[in-house]
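Each chain is listed here by its residues.
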Amino acid sequence: MYWSKIRIIVGIIVFCFACNVNELEFNDLELQNLKPVVVAPLGTFEYTMQELIEELNDDLVEIGTDADQVIILTFKDSSSFSLSDEFIAIDDVNGEGSVFPEQSVAPIGTTVRIPFEEEFIYVYEPTGDERLDSVFYDNGTVIFNVESTCSCSFEYSFEIENTRNVNTDAPLAFSGILNFDGSNNPSDEQVRSLVDHKTILNDDANNFRSVFRGEIIIEPGQILKAEDELKFEFLYKDQDFQKIFGLFGQDSITIDGGIIEIDLFEDALSSGIVFEGPEIQIDFENRFGIPIGILTDSIYAKNNSGDSVFLSGTVPDNPQIIAFSRDDIFEPALSTVTINSANSNIRDLFNLAPNQLTFPVTGISNFNNTDNFNYVTDSSDIKANATFTLPLRFRLEDFTQKVDFDIEGTYDNEEIDSLFMQIVTRNNLPFIAEMEISINDSTGAELFKIPESVVIEIPIFNAVGDIVSDSETISKFPLGPAGIEALKTGSDLSINLVLNSPSNNVNDFFSILSTNGIRVEVGVGASGEIEL
Amino acid sequence: MKKVTFILILLSGLSSICQGQISSGLLKGEIYQNNAVNPAYFPGSRWVISIPVLSGTSINYNNRLSYSDAITQLDNGVNQVNFDNILSSLKDNNFIGLQARINILFVGFRKNQAAISLFVNERVEADVFFPKDLIDFAVNGNINFVGRELNLDKLGGNASHFREMGIGYTYFDKEDRFSFGYRLKLLSGFFNASTPGDFTASLTTNPDNFSLDINVENAIYRNTEIYSNRNGTSFIISSNLGAAIDLGATFNVNEQVTVGVSITDLGFISWKDGIEGRQLENTNFTYGGVDIRNSDDLIEALEDSISDRFNIIDSYDEPYSTLLPAIGNLTGSWHLNENSELIATVIPRFVRGNVQMQYGAGISQRVGRNLKVNVSANKLPQQNVNLGAALAWYIGPIQIYGGTDRILNYDLTTLRQFNYTFGINLALGRGKIKKTRTYSPSKFRMNGGEEIKVKGKDKIYLIIPKQKRKKPVNQ
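Residues numbered from 1 in each chain as written. Chains lettered and ligands numbered in written order. Predicted model: local features only at pLDDT ≥ 70, side-chain atom pairs only at ≥ 80, totals over all residues. Heavy atoms only, no water.

A.B. asks: Please explain the overall build of chain A as it appears in this structure.
C.D. replies: For chain A, the count of helices and strands is six helices and 36 strands. The 532 residues of chain A split such that 48% are buried. In chain A, the proportion of contacts linking residues at least 24 apart, taken out of those at least 6 apart, comes to 85%. Summed over its atoms, the accessible surface of chain A is roughly 24,800 Å², and 46% of this surface lies on carbon and sulfur atoms. (Helix = DSSP H or I, 4+ residues; strand = E, 2+ residues; numbered from the N terminus. Buried < 20%, exposed > 50% of the residue type's maximum accessible area, 1.4 Å probe, protein only. Contact = heavy atoms within 4.5 Å. Areas by Shrake-Rupley, 256 points an atom, 1.4 Å probe, with all protein chains shown as cover.)

Shown next, in the form of structure tokens:
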């Protein structure tokens, strides 16, 4: 019994032992300042070649890949040349002639008829030294005038034997009877259309023949004097030719191909890029019956700075022959001129990072053989379809890309006392990259630059040169007090990428596949003291 | 503000557990209140009647962090809430819990082998779970979770105020070999604040680029309360109804050993009236920042890109159900004699997928006819072993009882856990319950003063080992 009571008493004493309630103090409590370290992704930027090029939104650029998935950029433009006059020009053709009776006749009582017939040769002369074989007319007229000085009537016909109707083969002819009215000498003018007519020229000398014949009719009381003459003249006027055949000789022409604006280089690619295999292919459709030697040495590239490089080399500097169709004069002859790095300095044009390509093409007709039998038709022209192909297989030599983003007013947190950036780069471009990060003010002046640049290694290649694994680089940069101060006052965070090919051999080029790119992921970490 | 912050920190840092008290439970059928611990327990009185409010009040509180763990005094005398200390004191998974029970009304009647009771209790059950990582994240940022998942699946809670009304029945074997009982309870909910049990959330920070993998599912906060619009009817019973059952049994294995087993609060409450909730729509994404090249305003782009990922629905009012935390109880007793017994108990509590274990072992002593006391060593979750004690004391028909699982070290600056239960019952007809069980003395003293171990009992006879015949002393 006693034992039990003792246990109860002890229990009560222990129960109430040592509360120390007075030591509990909840007034004027101070909360410990927090010093969290927060890391978060800031964002990414990525240069995937396919996306980069597609972003250009340049209608002139076609993007494709070859069998090896190498990106190929294609620029296209076309032009035409249709001025037949550059090869053969024929102005108005005219001729004149006279017939002299060389006798005096004064008949009495009966009418006297004195016949005459005389042949005339004329030259159907083009403006140049062309030798014509034949011309076929679409339009035009021949105007014939005849008059006499005698006081008598006469009957005549004038035939141009070389100008004939293409359907009937009848020569172009003029005829008539001119009666003397007693006071005025007789005269006449006639006009014939050249439609459906042709002129076949003779003797390799552009000659054509005509015959003027008729009778002088002297009635009683009329007199034919010995000095009288019958005069005529004719004029081929306003000729339009359906076809002209002949030997046209050599002429120079210029095909103005215009200017191709290349935004790719202006917006995305700056200098420092050396393409291995740029190529210009010009497909000609020649509807002239004339072979032409094409010169492409007038093609040139110009960049934003105004620098220009003209195309030169074995192909641009030497006429390239454009064939003509011998069998069907209305079907074009197709020819292709290919200009590449093996036959020209085309690399230099693209290495200039041009924003304009201008390609006037000059040509010399019958360059290789002046004995070619030529023709032009009313539909003759030369179409030049130029295709600039740029396989993205190149070298980079200090190729620079710069990305700026606005940070003005974004950093106003006084509680942050340290800051660092962690940058992850994943590269599957076949290039070494070096990235520099700086903070600039609104004028572009550098306020702070991270001392160490990020070196982005090349991916891992297999034996045949294909990329088998991206390279990944993780770099951490503390900004420090200077960097934080620059963030407060800075305007732009600038990331500058400098890319180089991994080989110093200038003949080593690297392919850019459609999937190739470089991805940069930026994370930031901040710590500071937060007073609660 | 600092006080509020401190209290929040204290509550969050103080990993607490509130469960049924061990010490008062060891009084077993001595008090009516343990009918809620094991329905097979019932006092040895004809009538047991409550004195409203006074009959039973119990509060359980258990935490890992003490005042001195959270607050340190600086050299200048200023008391400072020390987050570093708080973090170092936390375990991976922690929770806040608060449980209170007030007996509003009960009437128990026992006759022969049966006892029935009617009861009404006002109860509060509150459990808030949170991982240490959450506090770490809030205090230190996500630097400690770079390359490691911040998993918040364990974050959540359930706090309810409800009323339980029910009827209990206890049956006693005629030979006193066993007893069993059950309680059927109607639950009426008045307040609930909870999150769904299937909430998941995680945040992983990529160690390279610091991208954030964020996953949030079933992020719903539900707040239900009908205090503001309750009418006379809902003052008694609300439209947020539920049901629960308690089951229990005891077995007298032999004259020395008794085993009791129970499972209580198997039930639920359906909440459908007065719900105001918010839901964060499921989202699962990796946040990698913004496209720097195409962002004119970097900060605005960052804000937009992250806020666009989260969509909050302010008008969530879907009915839902919550489970009551079920509590098991396994108690074994070794009867030393008619008044003394050694008792051990194991109490698991099942709440939101967690099992919280507490253990106790002690001695119970009846002192005279009117007093029963026990002292026990208790191990509560996340606590060191402490001493507990309980007593039940009859003064005429009045029964006074009380208990706590902590009787050592009540220095409030280092206090990490406390609980108590206290009440006054009215017990009538104590002598009218026939005591069917008698206990054998463990030893028998022979006439010569020699003590002999008792093997058993047969009716009025004690069975002892066969003794050698002894020579008469005077021979």
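There is more to say after this.
A.B. asks: When you look at the overall build of chain B in this model, what are you seeing that I'm missing?
C.D. replies: Secondary structure assignment for chain B yields seven helices and 30 strands. Relative to its full complement of 475 residues, chain B shows a buried share of 51%. Considering only intrachain contacts with a sequence separation of at least 6, the fraction spanning at least 24 residues in chain B is 67%. Accessible area for chain B stands at about 22,300 Å²; split by element, carbon and sulfur atoms hold 58% of it.

A.B. asks: Explain the packing of aromatic side chains to me, please; I cannot follow it from the model alone.
C.D. replies: Centre-to-centre distance and the angle between the planes together describe a pair of aromatic rings. What the rule picks out here adds up to 37 aromatic pairs over all chains. When the ring of F120(A) is compared with that of F232(A), the centres are 4.8 Å apart and the planes differ by 80°; the resulting orientation is edge-to-face. Here F120(A), found in strand 6 (residues 112–123), pairs with F232(A), found in strand 13 (residues 230–247); they are 112 residues apart in sequence, far enough to count as distant. An angle of 80° between the planes, with centres 5.8 Å apart, marks the rings of F208(A) and Y236(A) as edge-to-face. You can see F208(A) sitting in strand 12 (residues 207–218) and its partner Y236(A) sitting in strand 13, a full 28 residues away along the chain. A residue is classified by how much of its surface remains accessible, and F208(A), at 0% relative accessible area, is buried. It is K476(A) that lies over the ring of F420(A); its NZ or CZ is 4.3 Å from the centre. Sitting above the plane of the Y320(B) ring, R222(B) keeps its charged end 4.0 Å from the centroid. (Phe/Tyr/Trp six-rings, centres within 6.5 Å; stacked < 30°, edge-to-face > 60°. Lys NZ or Arg CZ within 6 Å of the ring centre and 35° of its normal.)

A.B. asks: Looking at this structure, I do not really get the environment of I313(B). What am I missing?
C.D. replies: Residues and elements named next belong to chain B. Along the chain, I313 turns up in strand 18 (residues 312–316). I313 sits in the partly exposed class, given a relative accessible area of 26%. Taking the C-alpha atoms as reference, I313 lies 6.2 Å from L280; in sequence the two are 33 residues apart. In contact with I313, other than residues within four places in its own chain, are G277, R278, Q279 and E281.

A.B. asks: Looking at this structure, I do not really get the sheet that holds strand 4 (residues 71–81) of chain A. What am I missing?
C.D. replies: Residues and elements named next belong to chain A. Judged by pairing direction, the sheet is antiparallel, and its five strands sit side by side in the order 3-4-24-16-21 without closing on themselves. The outermost strands of the open sheet, each flanked by one partner alone, are strand 3 (61–65) and strand 21 (333–340). In this sheet, neighbouring strand axes are inclined to one another by 25° on average, regardless of whether the strands run parallel or antiparallel. Across ten bridges, the pairing between strand 4 and strand 24 (residues 382–391) is antiparallel. (Pairing = 2+ DSSP bridges. Axes fitted to C-alpha atoms, helices over the stretch in contact; angles between N-to-C directions.)

A.B. asks: Explain the sheet that holds strand 10 (residues 200–205) of chain B to me, please; I cannot follow it from the model alone.
C.D. replies: Strands in a sheet are paired, the pairing made by backbone hydrogen bonds, and the direction either parallel or antiparallel. All names here are of chain B. Within the open sheet, the four strands sit side by side as 7-10-11-16. Their pairing is antiparallel. Strand pairing shows two members of the sheet lacking a second neighbour, strand 7 (149–151) and strand 16 (283–287), which therefore form its edges. Between one strand axis and the next, the sheet turns through 10° on average, direction left out of account. Judged from the six bridges that link them, strand 10 and strand 11 (residues 212–217) form a sheet pairing that is antiparallel. Within the sheet, the bridge partner assigned to T205 lies in strand 11 and is L212.

A.B. asks: Help me understand a nonpolar patch on the surface in this model?
C.D. replies: Residue and element names in this part refer to chain B. On the surface, a cluster of nonpolar side chains totalling about 510 Å² of accessible area is made up of W47, V53, I102, I104, L105, V107 and L428. Ranked by residue count, the leading element in the nonpolar patch is strand 5 (residues 93–111), at four residues. Along the chain, W47 falls in strand 1 (residues 47–50). On the basis of relative accessible area, W47 is assigned to the partly exposed category, the value being 35%. (Patch = residues over 30% accessible without salt bridge, like charges linked within 9 Å, V, L, I, M, F, W, Y side chains within 5 Å. Salt bridge = Lys/Arg side-chain N within 4 Å of Asp/Glu carboxyl O.)

A.B. asks: I keep staring at the environment of D441(A) and nothing clicks. Help me out?
C.D. replies: With respect to the element layout, D441(A) can be found in the loop between strand 28 (432–440) and strand 29 (446–449). Not counting residues within four places of it along the chain, the set of residues in contact with D441(A) comprises L447(A), S491(A) and D492(A).

A.B. asks: Any chance you could explain the side chain of S157(A) here in plain terms?
C.D. replies: Within the secondary structure layout, S157(A) lies in strand 8 (residues 153–165). In contact with S157(A), not counting residues within four places along its chain, are F174(A), S175(A), V211(A), F212(A) and R213(A).

A.B. asks: Can you help me understand a negative patch on the surface in this one?
C.D. replies: Where like charges cluster on the molecular surface, the negative patch consists of D85(A), E86(A), D91(A), D92(A), D138(A), D238(A), D240(A) and D378(A). Position of D238(A) relative to the elements: it lies in strand 13. (Lys, Arg positive; Asp, Glu negative; His and termini not counted. Charge placed at Lys NZ, Arg CZ, Asp CG, Glu CD.)

A.B. asks: Help me out: how do you make sense of unusual backbone geometry in this one?
C.D. replies: What is expected of a backbone is that most residues other than glycine have negative phi and most peptide bonds are trans. With a phi angle near 65°, D196(A) is a residue other than glycine that sits in the positive phi range. In this fold, D196(A) is placed in the loop between strand 10 (187–193) and strand 11 (197–200). One non-glycine residue, K28(B), lies in the positive phi region at around 50°. Summarising the element assignment, K28(B) is placed in the loop between helix 2 (22–25) and strand 1.

A.B. asks: Mind showing me how you'd approach the pairing of strand 24 of chain A here?
C.D. replies: Where a strand is regular, its side chains alternate between the two sheet faces. Residues and elements named next belong to chain A. Most of strand 24 sits inside the fold, with seven of its ten residues counted as buried. Note: strand 16 (residues 279–286) against strand 24, eight bridges, orientation antiparallel. Bridge pairing in strand 24 links E285 to K383.

A.B. asks: Can you help me understand the pattern of salt bridges in this one?
C.D. replies: When charged atoms on two side chains of opposite charge get close, those side chains can pair. Throughout the structure, instances matching the rule amount to 30 salt bridges over all chains. The partner of R426(A) in a salt bridge is E472(A), with the nearest N and O atoms 2.9 Å apart. Here E472(A) lies in strand 33 (residues 471–478) and R426(A) lies in strand 27 (residues 416–427), a separation of 46 residues in the sequence. Residue classification places R426(A) among the partly exposed residues on the basis of a relative accessible area of 24%. Between K28(B) and E341(B) there is a salt bridge, with the nearest N and O atoms lying 3.3 Å from each other. With K28(B) in the loop between helix 2 and strand 1 and E341(B) in strand 21 (residues 340–351), this pair connects stretches of sequence that are 313 residues apart. Exposure remark for K28(B): the relative accessible area of 11% places this residue in the buried category. Here the salt bridges do not stand alone but share partners, grouping R101(B), R123(B), E125(B), D127(B), E164(B), R183(B), K185(B), D246(B), D265(B) and R349(B) into one network.

A.B. asks: Can you walk me through the pairing of strand 34 (residues 492–500) of chain A in this structure?
C.D. replies: Residues and elements named next belong to chain A. Most of strand 34 is tucked away, with seven of its nine residues classed as buried. The sheet contact formed by strand 26 (residues 399–406) and strand 34 spans eight bridges and is antiparallel. Note on strand 34: the bridge partner recorded for T400 is V498.

A.B. asks: Looking at this model, I keep getting lost on the nonpolar core. Mind explaining?
C.D. replies: Looking at soluble globular proteins, one finds that nonpolar side chains tend to be buried together. One finds Y124(A), F212(A), Y236(A) and F284(A) to be the most contacted residues of the largest nonpolar core, which totals 132 residues. With 16 residues, the next largest nonpolar core counts I86(B), L90(B), F130(B) and V139(B) among its residues. (Core = buried A, V, L, I, M, F, W, Y, C linked by side-chain atoms within 4.5 Å.)

A.B. asks: So what exactly am I meant to see when it comes to the confidence of the model for chain B here?
C.D. replies: Low pLDDT marks stretches whose predicted atomic positions should not be read closely. Residue and element names in this part refer to chain B. Confidence along chain B averages 83 in pLDDT terms, with 87% of residues attaining 70 or more. In this model residues 1–20 is a low-confidence stretch, pLDDT under 50, and it forms 75 contacts with partners more than four residues away in sequence or in other chains. The ipTM, which scores confidence in the relative placement of chains, is 0.73 for this predicted complex, and the corresponding pTM is 0.64. (pLDDT = per-residue confidence, 0-100.)

A.B. asks: Would you mind showing me how to read the side chain of T296(A) here?
C.D. replies: All names here are of chain A. Turning to its location among the elements, T296 is positioned in the loop between strand 17 (292–295) and strand 18 (300–302). The exposure class of T296 is buried, given its relative accessible area of 1%. Apart from the residues within four sequence positions on either side, T296 is in contact with I282, L311, V315, P316 and I339.

A.B. asks: How should I be thinking about helix 6 (residues 480–489) of chain A in this particular structure?
C.D. replies: Residues lying three or four places apart along an α-helix face the same way, a consequence of the helix completing one turn every 3.6 residues. Residues and elements named next belong to chain A. By the burial criterion, the buried members of helix 6 are G483, I484, A486 and L487. Taken around the axis of helix 6, the buried residues stretch over an arc of 160°, which confines them to a single face. Exposed side of helix 6, more than 90 degrees from the buried face: P481 and T489 are the residues found there. (Arc of directions from axis to C-beta.)

A.B. asks: What should I look at first to understand helix 5 (residues 132–140) of chain B in this one?
C.D. replies: All names here are of chain B. Those residues of helix 5 that sit buried are D133, I135, D136 and V139. Projected down its long axis, helix 5 carries its buried residues within an arc of 160°, all on one side. Of the residues one or two after helix 5, G141 is the one with positive phi, at around 80°.

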